[in-house]
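Residue-level listing of the chains:
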Protein chains: 2
Amino acid sequence: MSIKKKYNIRFRIWFYANEDKFLGKGRVELLERIKETGSITNAAKGMKMSYRQAWQMVNEMNESAPKIVVEKSLGGKGGGGATVTKAGEKAIQQFHEFENKVAQFIADESKKLKI
Amino acid sequence: MSIKKKYNIRFRIWFYANEDKFLGKGRVELLERIKETGSITNAAKGMKMSYRQAWQMVNEMNESAPKIVVEKSLGGKGGGGATVTKAGEKAIQQFHEFENKVAQFIADESKKLKI
DNA sequence: TTTCAATATGTTTTTAAAAGAATATTGATA
DNA sequence: TATCAATATTCTTTTAAAAACATATTGAAA
């Protein structure tokens, strides 16, 4: 039988803009769902999140980010909707890239541990 | 004027033993204070933590860790006390080492980001 | 055998966060 | 100009986590 590791290591990363939390795992998922569905309402329905919370997250992101990440439209055909901006898509991509790099690093370093 | 970075990246790591959270930043601090003060009571007083919570953390750690990290003694001179075991000290050290490595990696990778 | 300070554990209260409910607003379009 | 679905916003309720409180237990030492 193989040697069983005592510990495994988990992590989370966050993007901050100045001192404001800007992006984490949950917010990235929300952005991705907004991109897919075209609205905050439907994005929130897909995850365990109330519209209220999703809307607040979007607002906080837009306020803290250097550029708006979600463009919202109000009224009109379909009642309105929300789309992820280029800046938003870039942020999503950067987050995933960074997270993957850290995951790889941690996996590699974990192997070196004699615990 | 220098270019101002849009984002800075923060992180947290946790040691897991099987599927149980074993060690994080807060628990490491608790262990260090137990080591300094020789008791859960005084360790808890030093941070914003109730004795009850500190005691529970210690128990969870001891239950999930492969080896006990805090040795408790009950009654007797001084009422008893708590000491960090060799395994506990090693865990503290490993945690700091790993955290520092990840911090260094993230700092380096952050520099490469054009955001 | 009483004292004492710390561990051990149960119960209640407070607090903060999330959820939920309710309602108003918007604007294209039919 | 009435409709409609989504955004926007306020208010209330629930829930979960933390804190606070209370009390029992332990065992060396005086």
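Structure first, text after, so check above.
Rules used in this analysis
- Residues numbered from 1 in each chain as written.
- Chains lettered and ligands numbered in written order.
- Predicted model: local features only at pLDDT ≥ 70, side-chain atom pairs only at ≥ 80, totals over all residues.
- Heavy atoms only, no water.
- Least-squares fit on C-alpha atoms with pLDDT ≥ 70 in both.
- Contact = heavy atoms within 4.5 Å.
- Salt bridge = Lys/Arg side-chain N within 4 Å of Asp/Glu carboxyl O.
- Helix = DSSP H or I, 4+ residues; strand = E, 2+ residues; numbered from the N terminus.
- Near = heavy atom within 4 Å.
- Polar contact = N/O pair within 3.5 Å; in protein donor to acceptor, adjacent residues only side chain to side chain.
- Nonpolar A, V, L, I, M, F, W, Y, C, P; charged D, E, K, R; others polar.
- Buried < 20%, exposed > 50% of the residue type's maximum accessible area, 1.4 Å probe, protein only.
- Pairing = 2+ DSSP bridges.

Visitor: For this particular structure, what's the right way to read the relation of the copies chain B and chain A?
Guide: Superposition of the two copies of the chain requires a rotation about an axis together with a shift along that axis. Mapping chain B onto chain A is achieved by rotating through 180 degrees and translating by 0.0 Å along the same axis, at an RMSD of 0.1 Å. On this basis, the relationship between the two copies can be described by a two-fold rotation axis. Closest approach to the rotation axis within chain B is made by the C-alpha atom of R12 of chain B, at a distance of 2.8 Å. The fraction of interface residues of chain B whose copies in chain A are also interface residues reaches 100%, indicating that both copies meet through the same surface.

Visitor: Whenever I open this one, the pattern of salt bridges confuses me. Can you help?
Guide: Opposite charge on two side chains makes pairing possible when the charged atoms of those side chains draw close. Scanning the model with the defined rule gives 14 salt bridges over all chains in all. Across the pair K101 of chain A and E109 of chain B runs a salt bridge whose closest N-O atoms are separated by 3.1 Å. Highlighted residues: K101 of chain A in helix α4 (residues 86-112) and E109 of chain B in helix α4 (residues 86-112), drawn from two different chains. Because the salt bridges share partners, they merge into one network encompassing K101 of chain A together with E109 and K112 of chain B.

Visitor: Honestly, the protein's contact with DNA strand C in this entry has me stumped. Any pointers?
Guide: Residues in close proximity to DNA strand C total 21 residues, the closest being Q53 of chain A together with I40, T41, W55 and G79 of chain B. The sugar-phosphate portion of DNA strand C accounts for 64% of its atoms within 4 Å of the protein, the bases making up the rest. One of the backbone nitrogen or oxygen atoms of G76 of chain A is found 2.8 Å away from a base nitrogen of DNA strand C. The separation between a phosphate oxygen of DNA strand C and a polar side-chain atom of T41 of chain B is 2.3 Å. Going through the elements one at a time, α3 (51-64) of chain A together with α2 (40-46), α3 (51-64), β3 (70-74) and β4 (80-84) of chain B are the ones with two or more residues in the surface near DNA strand C. For the surface near DNA strand C, the per-class residue count stands at six nonpolar, 10 polar and five charged.

Visitor: Looking at this model, I keep getting lost on the environment of F98 of chain A. Mind explaining?
Guide: Examined against the element boundaries, F98 of chain A turns out to sit in helix α4. Judged by its relative accessible area of 3%, F98 of chain A is buried. Considering only alpha carbons, one finds F98 of chain A and S50 of chain A, 48 residues apart in sequence, at a separation of 28 Å. Beyond its immediate stretch of four places on either side in the chain, F98 of chain A contacts I13 and F15 of chain A together with I9, I106, E109, S110 and L113 of chain B.

Visitor: Is there a simple way to think about the environment of A65 of chain B in this case?
Guide: Mapping A65 of chain B onto the fold places it in the loop between α3 and β3. In the structure, A65 of chain B is positioned 46 residues away from E19 of chain B in sequence and 11 Å away in space, judged by C-alpha atoms.

Visitor: Mind showing me how you'd approach the pairing of β3 of chain B here?
Guide: Consecutive residues of a regular strand have side chains that alternate between opposite faces of the sheet. Residues and elements named next belong to chain B. As paired strands, β3 and β4 are joined by five bridges and run antiparallel to one another. Following the sheet pairing, S73 is matched in β4 by G81. The antiparallel pairing of β3 with β4 creates a hairpin that spans five residues between the two strands, and G75 there sits at a positive phi of about 75 degrees.

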